[in-house]
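One letter stands for each residue in the lines below.
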Amino acid sequence: MKIDVATGDRAIVPEGTKVIPIFIMGKRYFVPETLTIQKAMEYAGYQYIRSCGCRGGICGACPTVFRILGDYHLHFCLACQTVVQENMYLTQVPFFPTNRTAYQLEEVDASAETIMKLYPEVMKCVACNACTKSCPMDIEVMEYVNAAMRGDIAKVARLSFDCIQCGLCSSRCPAQIQHFHLAQLCRRLYGRYVLPRAEHVQKRVADIKAGKYDEMLRDLVNTGRETLEKLYVGREMEPQESAGWTPRDASYL
Ligand code: SF4
Ligand code: SF4
Ligand code: FES
């Protein structure tokens, strides 16, 4: 089934827009067909206290489950990103209970053993793929769960990078896996132990710790607003094509 994804702010309803029936928690409302689910619910009189955050498909606060009248398929989406459809029966899942195991990143290593110790339920996956089908971010969730079983932390980190922690995958899993916490653990392990360190960042951190910028920062703090504004407006800008570029004053590099 094709789900229309919102492409912009449709709060101002275009003239002549048709109104269609939708069902919010079983109650029928007539709403303009151009609205996202989120705006349609507000149009119908609901006020969000939970289940709404960024309104831009990033925060994962608005996972929604719906069916279309007469169709047995269950659908999953983000309310802020999905346009209403006629006879949509919907409800929102602002929170789904999952356990996040406590750990200190410094005390674990990037290995399959760490994953098994912290999230042993991962081994109970029955490969039903319900998690992938429920993911509003089109993430290959089952594939990253499989990668986690093998201890392939880099693959889990790569596949789960777009996860917004909405919890829909965990709500569907017969093995009771807590996918997004598991994936977050792997991304943390990847960042700390697998990904090569950026040398220029290490050098800059060492410079900061050695006090290389202390005097410059002190001077800035003691500079008046007018001078600061002049400095800001007259600052040298890095060009868009900056390969090989160095600033005129290279003393702070
Ligand atoms: S992986 Fe799970 S928690 Fe993450 S976005 Fe997909 S459904 Fe939501
Ligand atoms: S829903 Fe659970 S059991 Fe099914 S494939 Fe996903 S992780 Fe495995
Ligand atoms: S409100 Fe943030 S993802 Fe929908």
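What you are looking at is a predicted structure, and each value in this text was computed from that prediction instead of being measured. (Residues numbered from 1 in each chain as written. Chains lettered and ligands numbered in written order. Predicted model: local features only at pLDDT ≥ 70, side-chain atom pairs only at ≥ 80, totals over all residues.)

Chemist: Requested: an account of the site of ligand 2, with residues and values cited.
Modeler: The environment of ligand 2 is made up of 15 residues, and the closest members are Cys 125, Cys 128, Cys 131, Cys 173 and Ala 175. For the shell around ligand 2, the element with the most residues is helix α4 (residues 141–149), which contributes three residues. Class assignment for the residues of the shell around ligand 2 results in 13 nonpolar, one polar and one charged. (Near = placed C-beta within 6 Å. Helix = DSSP H or I, 4+ residues; strand = E, 2+ residues; numbered from the N terminus. Nonpolar A, V, L, I, M, F, W, Y, C, P; charged D, E, K, R; others polar.)

Chemist: So what's going on with the confidence of the model for the chain? Which residues, and what values?
Modeler: Detailed reading of the predicted coordinates is not advisable wherever pLDDT is low. For the chain, the average pLDDT comes to 93, and 95% of its residues sit at 70 or higher. Of the regions scoring below 50 in pLDDT, residues 6–10 engages in eight contacts with residues more than four places distant in sequence or in other chains. (pLDDT = per-residue confidence, 0-100. Contact = placed C-beta atoms within 7 Å.)

Chemist: Let's hear about the site of ligand 1: which residues, and what values?
Modeler: Around ligand 1 sit 14 residues in total, of which Cys 135, Cys 163, Cys 166, Cys 169 and Phe 180 are the nearest. Broken down by secondary-structure element, the contributors of at least two residues to the shell around ligand 1 are α6 (168–172) and α7 (179–194). Classifying every residue of the shell around ligand 1 gives ten nonpolar, four polar and no charged.

Chemist: Outline α7, supporting the account with residue identities and numerical values.
Modeler: Residues separated by three or four positions in an α-helix point in the same direction, a consequence of the helix having 3.6 residues per turn. Taken together, the buried positions of α7 are occupied by His 179, Phe 180, Leu 182, Ala 183, Leu 185, Cys 186 and Leu 189. Where α7 is buried, its residues touch α2 (112–118), α3 (130–134), α4, α5 (153–159) and α6. (Buried ≥ 20, exposed ≤ 12 C-beta atoms within 10 Å, placed from the backbone.)

Chemist: Talk me through α4; I want residue IDs and the actual numbers.
Modeler: Considered for burial, the residues of α4 that qualify are Val 141, Met 142, Tyr 144, Val 145, Ala 147 and Ala 148. Buried residues in α4 make contact with α2, α3, α5, α6 and α7. A positive phi of about 75° marks Gly 151, the residue just after α4.

Chemist: Describe the environment of Ile 153, listing the residues and the values that go with them.
Modeler: Along the chain, Ile 153 falls in helix α5. On a C-alpha basis, the gap between Ile 153 and Val 194 in space is 8.3 Å, while along the polypeptide they are 41 residues apart.

Chemist: Can you explain the domain arrangement of the chain? Please cite residues and give values.
Modeler: Domain parsing of the chain yields domain 1 (19–92) and domain 2 (105–194). Taking only C-alpha atoms into account, the centre of domain 1 sits 28 Å from that of domain 2. In this complex, domain 1 contributes seven residues to the contact, which on the side of domain 2 involves seven residues. Counting residues per element, the side of domain 1 that touches domain 2 draws most heavily on strand β4 (residues 75–78), at three residues. In terms of residue class, the side of domain 1 that touches domain 2 is built from six nonpolar, one polar and no charged. (Domains from an automatic or database assignment.)

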